[in-house]
Amino acid sequence: MEKDGNLKQKKRKREKTPSSSYADGERKIIASHSFSFRIKFVWHNLRGKRPQFIIGLLLTAITSIIVIVNPYMSKILVDDVIRGGKRDMLVPVLLVMSGVVLVKTGLHMLKIVMMEQASQNMLMAIRKTIFRNIQYQEMSFFDKIKSGDIITRTTGDLEYLRHFCAWVTYVTVDMVVTFTAAVVMLVYVSPVLTLALISVLPFILLCSFIYNKKVAPLYRSIRQRLSDLNVGASENINGNRVVKAFAREEYEKEKFSHINGQYMKDNMRAAFAWQRVVPVIDFLAQILTFLTILVGGALCINGSISLGDLTLFTGLTWALSDPMRQVSNILNDMQRFSASADKVIEIYYARPLICDRHNAVDTKERFKGKVEFRNVSFSYAKGPQVLSNVSFKFYPNETIAIMGPTGSGKTTIANLIARFYDVSSGEVLIDGVDVRDRTLESIHRGVSIATQDVFLFSDTVDGNISFCNPDMELEQVYECAELACADGFIRRMPEGYNTIIGERGVGLSGGQRQRIALARAIAAIPSILILDDTTSAVDMETEKKMQYNLQHLPFHCTTIIIAQRISSVRNADKIMILENGSVTIGTHDSLARTNRYYRNVCELQKIEDLPPFEPDEANGSSPEKVKTGFDDAIATEKEVG
Ligand SMILES: Nc1ncnc2c1ncn2[C@@H]1O[C@H](COP(=O)(O)OP(=O)(O)O)[C@@H](O)[C@H]1O
Ligand SMILES: [Mg+2]
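Residues numbered from 1 in each chain as written. Chains lettered and ligands numbered in written order. Predicted model: local features only at pLDDT ≥ 70, side-chain atom pairs only at ≥ 80, totals over all residues.

Next up on the list: the overall build of the protein chain. Helix and strand counts for the protein chain stand at 24 helices and twelve strands. Scaling as 2.2 N^0.38, a compact globule of 641 residues should have a C-alpha radius of gyration of about 26 Å, whereas the protein chain reaches 36 Å, well beyond that. For the protein chain, the C-alpha atoms occupy an extent of roughly 120 × 65 × 50 Å along the three principal directions. Relative to its full complement of 641 residues, the protein chain shows a buried share of 38%. Taking the intrachain contacts of the protein chain between residues at least 6 apart in sequence as the baseline, contacts between residues at least 24 apart amount to 80%. (Helix = DSSP H or I, 4+ residues; strand = E, 2+ residues; numbered from the N terminus. Rg over C-alpha atoms; globule rule 2.2 N^0.38 Å. Buried ≥ 20, exposed ≤ 12 C-beta atoms within 10 Å, placed from the backbone. Contact = placed C-beta atoms within 7 Å.)

In the vicinity of ligand 1, the contacting residues are D143, Y380, G383, V386, G404, T406, G407, S408, G409, K410, T411 and T412. A total of three residues in the shell around ligand 1 trace back to one element, the largest contributor, which is helix 14 (residues 410-417). Each residue belonging to the shell around ligand 1 can be placed in one class, and the counts come to two nonpolar, eight polar and two charged. (Near = placed C-beta within 6 Å. Nonpolar A, V, L, I, M, F, W, Y, C, P; charged D, E, K, R; others polar.)

Size of an interface: often given as the accessible area lost when the parts come together. Assigned domains of the protein chain: these are domain 1 (23-348) and domain 2 (371-640). Taking only C-alpha atoms, the centre of domain 1 and the centre of domain 2 are 57 Å apart. (Domains from an automatic or database assignment.)

Let's shift gears to the sheet that holds strand 5 (residues 433-434). Pairing is antiparallel in the open sheet, where four strands are placed in the order 2-1-4-5. Looking along the sheet, the strands with just one partner apiece sit at the ends: strand 2 (385-394) and strand 5. By the bridge criterion, six bridges tie strand 1 (residues 371-379) to strand 2 in an arrangement that is antiparallel. Within the sheet, the bridge partner assigned to F378 lies in strand 2 and is L387. Strands strand 1, strand 2 and strand 4 (425-430) of the sheet are contacted by helix 14, whose axis makes an angle of about 115 degrees with strand 1. (Pairing = 2+ DSSP bridges. Axes fitted to C-alpha atoms, helices over the stretch in contact; angles between N-to-C directions.)

A few words now on helix 17 (residues 474-483). Listed as buried for helix 17 are V477, C480, A481 and L483. Within helix 17, the buried residues cover an arc of 160 degrees as seen down the axis, which keeps them to one side. For helix 17, the exposed residues lying more than 90 degrees away from the buried face are L474 and E475. On the buried face of helix 17, the contacting elements are helix 16 (461-465), helix 18 (487-492), helix 19 (510-523) and helix 20 (540-551). Of the residues one or two after helix 17, C485 is the one with positive phi, at around 55 degrees. (Arc of directions from axis to C-beta.)

The subject of this paragraph is the nonpolar core. With 79 residues, the main nonpolar core has A401, I417, A484, A519 and M576 as its most contacted residues. Of the residues forming this core, the biggest block, seven residues, is contributed by helix 19. The contacts of I417, once residues within four sequence positions are left out, are V371, V428, V447, I528 and I530. Core analysis: the second largest hydrophobic core is formed by 34 residues, M185, Y211, V215 and M324 among them. (Core = buried A, V, L, I, M, F, W, Y, C linked by C-beta atoms within 7 Å.)

Pairing within the open sheet is mixed, and its six strands lie in the order 6-9-10-3-11-12. Because the sheet does not close on itself, it has two edges, and the strands there are strand 6 (447-450) and strand 12 (582-586). When the angles between neighbouring strand axes are averaged without regard to direction, this sheet yields 20 degrees. By the bridge criterion, four bridges tie strand 3 (residues 399-403) to strand 11 (residues 574-579) in an arrangement that is parallel. Bridging across to strand 11, I400 finds its partner in K574.

A separate point is unusual backbone geometry. Residue I525 is not a glycine yet carries a positive backbone phi of 45 degrees. Assignment of secondary structure puts I525 in the loop between helix 19 and strand 9 (528-532). Since 20 C-beta atoms lie within 10 Å of it, I525 is described here as buried. Here the phi dihedral of N580 falls at roughly 50 degrees; this positive angle occurs in a residue that is not glycine. Its location among the elements puts N580 in the loop between strand 11 and strand 12. Overall, the presence of 14 C-beta atoms within 10 Å leaves N580 in the partly exposed class.

Here we come to helix 3 (residues 35-45). The set of residues buried in helix 3 consists of R38, F41, V42 and N45. Take helix 3 and look down its axis: the buried residues cluster within an arc of 95 degrees, on one side only. For helix 3, the exposed residues lying more than 90 degrees away from the buried face are S36, K40 and H44. Packed against the buried residues of helix 3 are helix 6 (90-135), helix 8 (147-189) and helix 13 (307-348).

So, on to the packing of helix 3 against helix 13. Two quantities define a packed helix pair, namely the angle between the helix axes and the distance between the axes. Packing of helix 3 against helix 13 brings their axes to within 10 Å, and their N-to-C directions diverge by 65 degrees. Between helix 3 and helix 13 the crossing geometry is left-handed. Together, F35, R38 and F41 of helix 3 and S338, A341 and I345 of helix 13 make up the contact between the two elements. (Left-handed = near helix turned anticlockwise from the far one by under 90°.)

Okay, the environment of A414 next. With respect to the helices, strands and loops of the structure, A414 is situated in helix 14. Taking the C-beta count within 10 Å as the criterion, A414 has 23 such neighbours and is therefore assigned buried. C-alpha separation for the pair A414 and A450, spaced 36 residues apart in sequence, amounts to 10.0 Å.

Okay, the pairing of strand 9 next. Burial analysis of strand 9 places five of its five residues in the buried class, the great majority of the element. Along strand 9, one buried face is formed by I528, I530 and D532 and the opposite face, lined by L529 and L531, is buried too. As judged from the four bridges shared by strand 6 and strand 9, these two strands associate in the parallel manner. Directly across from A450, in strand 9, lies its bridge partner L531. Across five bridges, strand 9 lies against strand 10 (residues 558-562) in parallel orientation. Bridge pairing links I530 to I560 in strand 10. Crossover handedness for the path strand 9 to helix 20 to strand 10: right-handed. (Right-handed = clockwise from strand over helix to strand, strands pointing away.)

Put simply, helix 12 (residues 249-301) and helix 13 touch, their axes get as near as 10 Å, and they point 160 degrees apart. Accordingly, the angle class assigned to the pair helix 12 and helix 13 is roughly antiparallel. Where helix 12 crosses over helix 13, the handedness of that crossing is right-handed. Seen from helix 12, the contacting residues are V277, I281, A285, L288, T289, T292, G296 and C300; seen from helix 13, they are L307, L310, F313, T314, T317, L320, S321, R325 and S328. Broken down by class, the residue content of the contact of helix 12 with helix 13 amounts to nine nonpolar, seven polar and one charged. (Parallel < 35°, antiparallel > 145°, perpendicular 65-115°, else oblique.)

Looking at the protein chain as a whole, its pLDDT mean stands at 85, while 90% of the residues score no less than 70. Scored below 50 in pLDDT, residues 14-29 makes 21 contacts in the model with residues more than four places away or belonging to other chains. Confidence drops under a pLDDT of 50 for residues 618-641, and excluding neighbours within four residues, the segment shows 31 contacts in the predicted structure. (pLDDT = per-residue confidence, 0-100.)

Written out as structure tokens, the structure reads:
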């Protein structure tokens, strides 16, 4: 009772900063690149469509120059047609003016087509490389970058790259050309008036810069928030069963709305920052018009410029002020582009740390199936040592069971055999060759794992089982399912082997999913088969049959069974106990007699006929701490045999 009371009181106050829990690890690994490198990256990926891109920019320049033709036509209209009385010029001038509009529209359309072709092509190229890259990343890559973040990088961030390529570049060209053309034309007409107008421009430019400085960090933050939002959403969707089971919907909603609110706030702040600058810039632009009328009017009255010139000036003030206004947008977009480009570049150039050595052995024939750990120590990137200096050997065709408390490193051993991670020190050898000296392909061809957390694809049962070889004969699929004791329930499903199973195998029980995963692992006809807690959710009866099948597989195979039930392990050739980073190897009888952990498990599971317990303290080490020295003599005999 009292305990219960304590439990109730011990409600911990948790800080409400859930967003930080999503992105902490990820924030630290952003590298910053120089702007020129980012541009080179874009240019590199434009290959194949570079001509379109260049043509797009050229068309932009042409349209920008054309734009100043019409104000010049207005000048002719005023000076020559209206005041000069050359009425016959009216129609040609109007025709030129409409022609200019038509040509401009046409060129603009063409330009958009070119830019889109180039930028979409670039996106496809980058996406392709990133996807291929991700396929070859080692597992620790996914420990660092969460799937939601990868999705942000390949969608939102890539979109900014496209935006940069298809919009920022041409707007910049447009800005520069329009401004230069307008200045040249205005200087040609009246240098004094041009100078008067240009004097206002630095102020507009200054406003743009100030705004940009304020907003740049906000955009980095917005980008990060978006990533948090995606990570949050994807974790919530993937974990929705857990959320429901613990009735934590409210908490999750609150957590999500917190991140959502942060995202909105930052966006609002960025928008408001812009709204504070807009009136100032507009005011300065108005001054430009005011100056044109004031100075231009005076010049016109004293006869320095004609009325047509004044019209030209009024018609071109926008060509001076607009580019200045755009400067802030462009700077903005460049900031967003930079933030996103760095994220994209990081996974674009991410090279797997675990890859083939140049002289790696690519064994085409099957492995014999000998696995050896030689003085292996291992720890994950961030974490304590999981294995400390362990050595052991598994021989071809043996069935080995691995037991140990949760977190003792059983899955880690499987990961090391398949070279999902590399050892910190020591060697893992398959058939006497260090796994680092073999090609990853040959290892993964020979080693098959039915993983602890079963992942099934949204595909048919048949498709899931024949995952390693889609051309596999149906007969063989049935056979594998039978070996995994899955055939019976699969045939009872509405469409048998053609039943589509949901994402992650939704629609199947845990035991059924495990059996399909086992069938998939067997289908690879591996030389080394590892079952990582694959029978935990299977009923005893089925498990017994499964054990039998595994010991009578129709191909040679070293079978490593990680399990918690004595019934799953007692018939194995060897049982390995993993505890505190070291291993003890024995058989059911010897371990039940000497190993405290194994003995405890046996007693908990009410195993009968246990020999008397004789802890092996006489040897100076408690039995569970005995280093592996498994009897090499017996082993060699077995190997030869
Ligand atoms: N990807 C990982 N990154 C960091 N630590 C890990 C990772 N996977 C497992 N660990 C840690 O390594 C230890 C061994 O894990 P594992 O091999 O999965 O144990 P077991 O399968 O025996 O339950 C645990 O303490 C666990 O917290
Ligand atoms: Mg495990």
